[in-house]
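Architecture at a glance
What follows is the residue order along each chain.
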There are 2 protein chains.
Amino acid sequence: MDNTMRKPPRNRRKMQSVTMSDVAELANVSPSTVSLFLRKPEAVSAAASQAISRAIDKLNYVPNLMAGGLAAASSRAVSILVPSVRNAFFAETVSSMQTALKKQRLQLILGHTEYDEQEEEELVRMALSWAPAAIVLTGLSHSAATRRLLANVAIPVIEIWELGGPQIDAAIGFHHDQVGIAAAEHLIRQDRRNLLFLGARMHQDRRARQRCNGFLQAAKATGAAAKVVEHPDTASAEIGAMLLAEALRLHPEADGIACSNDHIALGVLFACERQKIAVPDRLAVIGFGDLSFSAACNPPLTTIRPSGDLIGREAARLIEEHLHGEKADAHRTIDTRFTLQHRRSS
Amino acid sequence: MDNTMRKPPRNRRKMQSVTMSDVAELANVSPSTVSLFLRKPEAVSAAASQAISRAIDKLNYVPNLMAGGLAAASSRAVSILVPSVRNAFFAETVSSMQTALKKQRLQLILGHTEYDEQEEEELVRMALSWAPAAIVLTGLSHSAATRRLLANVAIPVIEIWELGGPQIDAAIGFHHDQVGIAAAEHLIRQDRRNLLFLGARMHQDRRARQRCNGFLQAAKATGAAAKVVEHPDTASAEIGAMLLAEALRLHPEADGIACSNDHIALGVLFACERQKIAVPDRLAVIGFGDLSFSAACNPPLTTIRPSGDLIGREAARLIEEHLHGEKADAHRTIDTRFTLQHRRSS
DNA sequence: TCTGTCAATAATAGCGCTACGATTTATTTG
DNA sequence: CAAATAAATCGTAGCGCTATTATTGACAGA
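Here's what I pulled together on the structure shown here.

The rules we used
Residues numbered from 1 in each chain as written. Chains lettered and ligands numbered in written order. Predicted model: local features only at pLDDT ≥ 70, side-chain atom pairs only at ≥ 80, totals over all residues. Heavy atoms only, no water. Contact = heavy atoms within 4.5 Å. Buried area = accessible area lost by both parts, 1.4 Å probe. Salt bridge = Lys/Arg side-chain N within 4 Å of Asp/Glu carboxyl O. Helix = DSSP H or I, 4+ residues; strand = E, 2+ residues; numbered from the N terminus. Nonpolar A, V, L, I, M, F, W, Y, C, P; charged D, E, K, R; others polar. Pairing = 2+ DSSP bridges. 1 Å grid on protein atoms, 1.4 Å probe; cavity = no way out; pocket = protein on both sides within 12 Å on 5 of 7 lines; lining within 4 Å. Points joined across faces, edges and corners; volume = space filled by probe spheres on them. Buried < 20%, exposed > 50% of the residue type's maximum accessible area, 1.4 Å probe, protein only.

A separate point is the interface of chain A and chain B. With 60 residues of chain A at the contact, the number on the chain B side is 59 residues. Of the roughly 5300 Å² buried between chain A and chain B on both sides combined, carbon and sulfur atoms contribute 59%. Among the residues chain A hides against chain B, the three largest losses belong to Met66(A), Met126(A) and Trp130(A). Together they make up 14% of the total. Taking the shortest distance from any N to any O, the salt bridge between Lys102(B) and Glu119(A) comes out at 2.3 Å. When contributions to the side of chain A that touches chain B are tallied by element, the ones reaching two or more residues are α4 (65–72), α5 (88–102), β2 (107–112), α6 (117–128), α10 (237–250) and α11 (262–274) of chain A. In terms of residues, the side of chain A that touches chain B owes the most to one element, α5(A), which gives eight residues. Across the side of chain A that touches chain B, the residue classes break down as 30 nonpolar, 17 polar and 13 charged. The pairing of β2(A) with strand β2 (residues 107–112) of chain B spans three bridges and is classified as antiparallel. Each residue of the ladder has a partner; that of Leu110(A), found in β2(B), is Leu108(B).

Okay, the pairing of strand β10 (residues 302–305) of chain B next. Residue and element names in this part refer to chain B. As judged from the three bridges shared by strand β9 (residues 284–288) and β10, these two strands associate in the parallel manner. Residue pairing across strands places Ile286 opposite Thr302, the latter belonging to β10. Bridge count for β10 against strand β12 (residues 339–341) is three bridges, and the pairing is antiparallel. Within the sheet, the bridge partner assigned to Ile304 lies in β12 and is Leu340.

Our next topic: empty space enclosed by the protein. All names here are of chain B. Taken as a whole and assessed by the stated rule, the structure comprises five cavities of 30 Å³ or more. Empty space within the largest cavity amounts to approximately 70 Å³. If you go around the largest cavity, the residues you meet are Asn87, Phe89, Phe90, Tyr115, Trp161, His176, Asp205, Arg207, Arg211 and Phe288. The set of elements that each furnish at least two residues to the lining of the largest cavity consists of α5 (88–102) and α9 (206–221). Each residue belonging to the lining of the largest cavity can be placed in one class, and the counts come to five nonpolar, two polar and three charged.

Looking now at the environment of Arg305(B). Residues and elements named next belong to chain B. Note that Arg305 resides in strand β10. Arg305 sits in the partly exposed class, given a relative accessible area of 37%. Here Arg305 is in contact with Gly289, Asp290, Phe338, Thr339 and Gln341, once residues within four sequence places are set aside.

Here is the structure:
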């Protein structure tokens, strides 16, 4: 009996053109050494380093992060979930974070929750499938299942753009009620006593709601009158103009207006101009966001500038620290604060 | 000699809490069946499906996409590289694309090139490390190395937001020179003969440059005068106002102005208002972008509306088709066009 | 000369999953 | 009712890499 009877070459896999072994072979070292070189170059001799570098260049080797991640049980990806990147605030944070993370060769996986906790939950599940190095969520409010999913992960879970509630792990942001308070106090300092808050999409945007509540509270505390007029759609200048019209119809006595953000405020300014309502003499206006047009409009808009950029950078820093082993105390809270930009609209 | 001498349990790996085998065991099927169920549920019997579903829920199983991607030699990630997501145009595309891709359980890996081809190259390299299902780039201009890296990949390479040059694979967008032409022709139709183009960051923003060139060309073709005034920084209303001042100083005879985008145009409107320059009587203004404030400002801004949203959706569609095996002819070009929004500023 | 120590490198054993062929079971049909 | 066909399920062999341990070689001290 022929015991050399060979099985036919059974199955065949797809593959990557150039692998680490190819590099190793060309550089005349073992694959282990190539791997070591890629992860800790300082542990490899100068001669070997050079040979490997040369081989990588020559072969145009691109490491397979999935293989690496699988073997190391963690990937070079960071998942970030924001309501929407169309919103300039979150765009800013995402952008600054991506820039900071690139230096550590970490990549951003982006998801949009559209202010929907169910959506967020699904995205968290998908995100975890990548065994990310960290996961970043917007706000402190999440579904029970989301909390459960994240309760026991070994990676940093960072909640951004909101402070002041129970947090899963770390939180980076500021207190939105304080923003509202600051706006109200500012208007009152300008001798306004009939205050108004114009808000968009507040049924979904928890943080806008918090600003509104802080505003009302502070107004009440000083005995000023304060009303709210809102609109369910996403903030825009158009909605802002509409809200102003509605507001003046309902509350013609108003002399100080805070807006849930600068888009609304811009619309208010546009409407005031059309209707020859003097700003700030007849009506003081304050916004939130300090968007790109806010310093340039007529009159320049007083507004509260959040720290979207800083939030992203701090999140990246936290992730970096964790990666470098500095376990850091969990449940860290970083208050990035906000600043009042006093301009001529108030 | 004791041939039962056992080696000590050699090494130990980290691991994921719940794996597919755990699910299989609980559901009383083989891991293969679980895998099959996850990928092609219709190929598994109702009984098994139910048992597996139950087990997944019970164990809270989260598949490991890296293992899956490694085995399948391709991942559920799509890489998208844009200049910056702070730019509302790209934010729109990224957002609509993410929404469309989520339905197919594909995830977006985001990178910012900051208008730098070197940066882009590095990001492409990083992106390829994930064996993405597709890769999306902005524009048609890339470094030689980038082209080389992408020349032979088996996945769709989609270039967005620009048409009219040699493309790597598919391209989705529109012709920016046509935008410039449309703007010039519009102003000329409004009886303007002394035209001006105000541009920001044109040394980096190739597409803004193309719009400018189209504008100049069309003006020249009809015998109208056309000048350019530009500023190196990112577009903003502030820069727009500065550009207008500079422009009127250099070209006081101007009666029609096109802006590289609506931020600039908004700044122009602000400045005109401050200087009591009548728009459109003295000066007609047209922008590009149709941003959120453009319909609401004073006067409402005539502008050209691109199709950022559609670009994202079409890109997602292309990727989906490829995933479902419809090989589609390569080098596809999809012109998403643009529309002129004629409002009162012109 | 013989250890002992250290630095550099290599061999080994998977990480969790998918693709493929093989096998089993159910269903049909001559 | 056996044979042929179809449907459902399973077993196997990696995907390309990392982490750990094992090995090698150089050099020091005694």
